[in-house]
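Single-letter residue listing:
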Amino acid sequence: MTVPHVLPAPHASPLDLGGRTALVTGAAGGIGRACALRLAAAGAKVRAVDRDAAGLEALAGQGHDLAGTVEPHVLDLTDLDAAELAAAGTDVLVNNAGLQLVCPIEEFPPDAFHTMLTVMLEAPFRLIRGALPHMYGQGWGRIVNVSSVHGLRASAYKSAYVAAKHGLEGLSKTTALEGAPHGVTSNCVNPAYVRTPLVEKQLADQARAHGIPEERVLSEVLLQDSAVKRLIEPEEVAETVAYLCGPQASFVTGTSLVLDGGWTAH
């Protein structure tokens, strides 16, 4: 018996987000910056959200020649009500903002744990909550949560980060199940260590926690479990985010796209 196609198979084509509004958190640098520029290059009107006003201004300067636009939006995501309001009317939501602290659990500052969970788990919930009514109303939406290999695996001395990313994985899957009848997909992108300021700043903390010189951290800690012995570039992550926003990924939801150089193959 031949089962007829419900929809025609999409043809491979450049990503076109003309007329769409995208919101990217943590957009002033690293993965967020690369995502904002990639989505603007596809024609989206990008709301670039970060608490770093100077970084957002620099980003906006880079977006002048793109098909879409980059609009700076200075916002501290610990202001959860403001975060939810900022997401209203968005077609594409990229939850990317993150913090890191490398410290043993018994020494981990409770206020830092609270802040990290707020920014990396509760704020994404509020942003999704703010974005869904518009997405549901038009029958289309794309939510991409920048998780981590640490959303699937744990490492010592990163209790808050690992807890937040594991929680984000669950939030993303729940959103996928609820959003599917409304044409909304929700997925995680899971990179290993990316060449970003967030990674560079943790070298000293990693050295202290593991009791090794800082120059040995990259090879003996960060890349130890990766078969591909290099850091990922932010643009590689952004291209995966862009794929999830395109027509070829309309059936991809509730999953995690892993860019870990073989880490989880062990």
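This write-up is about the structure you can find in this document. (Residues numbered from 1 in each chain as written. Predicted model: local features only at pLDDT ≥ 70, side-chain atom pairs only at ≥ 80, totals over all residues. Heavy atoms only, no water.)

Quick word on the pairing of strand S2 (residues 45-50)
Test applied: Should DSSP find at least two bridges between two strands, the strands are taken to pair. Segments assigned H or I by DSSP are reported as helices when at least four residues long, segments assigned E as strands when at least two residues long, and all are numbered from the N terminus. Handedness is read with the strands pointing away from the viewer; a crossover is right-handed when the path from the first strand over the helix to the second is clockwise.
Two elements, strand S1 (residues 21-25) and S2, share five bridges in a ladder whose sense is parallel. Bridge pairing in S2 places Ala22 opposite Val46. Following the backbone out of S1, through helix H1 (residues 30-41) and into the adjacent parallel S2, one traces a crossover that is right-handed. When S2 meets strand S3 (residues 69-74), the two strands line up parallel, connected through six bridges. By the bridge assignment for S3, Asp50 is matched with Val74. Note on the crossover from S2 through helix H2 (residues 53-62) to S3: the handedness is right-handed.

A closer look at the nonpolar core
For clarity, the cut-off: The set of buried Ala, Val, Leu, Ile, Met, Phe, Trp, Tyr and Cys residues whose side-chain atoms join them within 4.5 Å is what this entry labels a nonpolar core. Residue burial is assigned from relative accessible area. The probe radius is 1.4 Å, only protein chains are included, and a residue is buried under 20% of its type maximum, exposed over 50%, and partly exposed in between. Any two residues whose heavy atoms approach within 4.5 Å are treated as being in contact.
Core analysis: the biggest nonpolar cluster contains 49 residues, and Leu39, Val46, Leu59 and Val94 have the highest contact counts within it. Of all the secondary-structure elements, those providing two or more residues to this core are S1, H1, S2, H2, strand S4 (92-95), strand S5 (141-146), helix H8 (217-222) and helix H9 (234-245). No other element matches the seven residues that H1 contributes to this core. Residues in contact with Leu39, not counting those within four places in the same chain, are Leu15, Leu17, Ala22, Val24, Ala44, Val46, Val92, Val94 and Cys245. Phe108, Ala112, Ala131 and Leu168 belong to the second largest nonpolar core, which has 30 residues in total.

Some details on the packing of aromatic side chains
In this description, a pair of aromatic rings is defined by centroid distance and the angle of the planes. To keep it simple, the criterion reads: Aromatic rings from Phe, Tyr and Trp, taking only the six-membered ring of Trp, are treated as a pair when their centres fall within 6.5 Å; an angle between ring planes under 30 degrees marks them as stacked, one over 60 as edge-to-face, and anything in between as tilted. Counted as over-ring charges are cases with an Arg CZ or a Lys NZ within 6 Å of the ring centre that also lie within 35 degrees of the ring normal.
This model, assessed by the stated rule, comprises two aromatic pairs. Summarising the aromatic geometry, the rings of Tyr193 and Trp263 are spaced 5.9 Å apart at their centres and angled 25° between planes, so their arrangement reads as stacked. Of the two residues, Tyr193 is situated in the loop between strand S6 (184-191) and helix H6 (197-201) and Trp263 in the segment after strand S7 (256-259); the sequence distance between them amounts to 70 residues. Of the two residues examined, Tyr193 and Trp263, each falls in the buried class. Here the basic side chain of Arg20 rests over the ring of Trp140, its NZ or CZ set 3.8 Å away from the ring centre.

A few points about helix H4 (residues 110-138)
Stated formally: One less than the residue count of a helix, multiplied by 1.5 Å, gives the span that helix is expected to have. Bend is the name given here to the angle between axes fitted to two runs of seven residues, the run ending at a residue and the run starting at it.
With 29 residues, H4 extends 41 Å from end C-alpha to end C-alpha; this agrees with the ideal 42 Å at 1.5 Å per step. At Thr118, H4 shows its maximal bend, which comes to roughly 40°. One or two positions beyond H4, positive phi appears at Gly139, with a value near 75°.

Some words on helix H5 (residues 159-179)
Relative to the 30 Å expected for 21 residues at 1.5 Å per residue, H5 spans 30 Å between its end C-alpha atoms, a close match to the ideal helical length. Next to the buried residues of H5 lie H4, S5, S6 and S7.

Observations regarding the environment of Leu168
Structurally, Leu168 is set in helix H5. Classification of Leu168 by relative accessible area gives buried; the value is 2%. For the pair Leu168 and Asn145, spaced 23 residues apart in sequence, the C-alpha separation works out to 7.4 Å. Beyond its immediate sequence surroundings of up to four residues, Leu168 is in contact with Met120, Leu121, Pro124, Asn145, Val146, Ser147 and Cys188.

As for the pairing of S4
Two faces belong to every sheet, and in a regular strand the side chains alternate between them. Residue alternation in S4 divides its side chains into two sets, Val92 and Val94 and Leu93 and Asn95, and both sets are buried. Sheet topology places S1 next to S4; three bridges connect them, and they run parallel. Within S4, the position partnered with Val24 by the bridge is Val94. In this view, the connection linking S4 to its parallel neighbour S5 by way of H4 has right-handed handedness.

Topic: the sheet that holds S1
Selection rule: Note on method: axes are straight lines fitted to C-alpha atoms, helices fitted across the in-contact stretch only, with angles between N-to-C directions ranging 0 to 180 degrees.
Taken in spatial order, the seven strands of this open sheet run S3-S2-S1-S4-S5-S6-S7, and their pairing is parallel. Strands at the two margins of the open sheet, each flanked by one partner only, are S3 and S7. Strand-to-strand, the axes of this sheet are offset by a mean angle of 15°, without reference to chain direction. Inspection of the sheet shows S5 paired to S6 by six bridges, in the parallel sense. Across the sheet, Gly141 pairs through a bridge with Val184, a residue of S6. Across the sheet, H2 is in contact with S2 and S3; its angle to S3 comes to roughly 170°.

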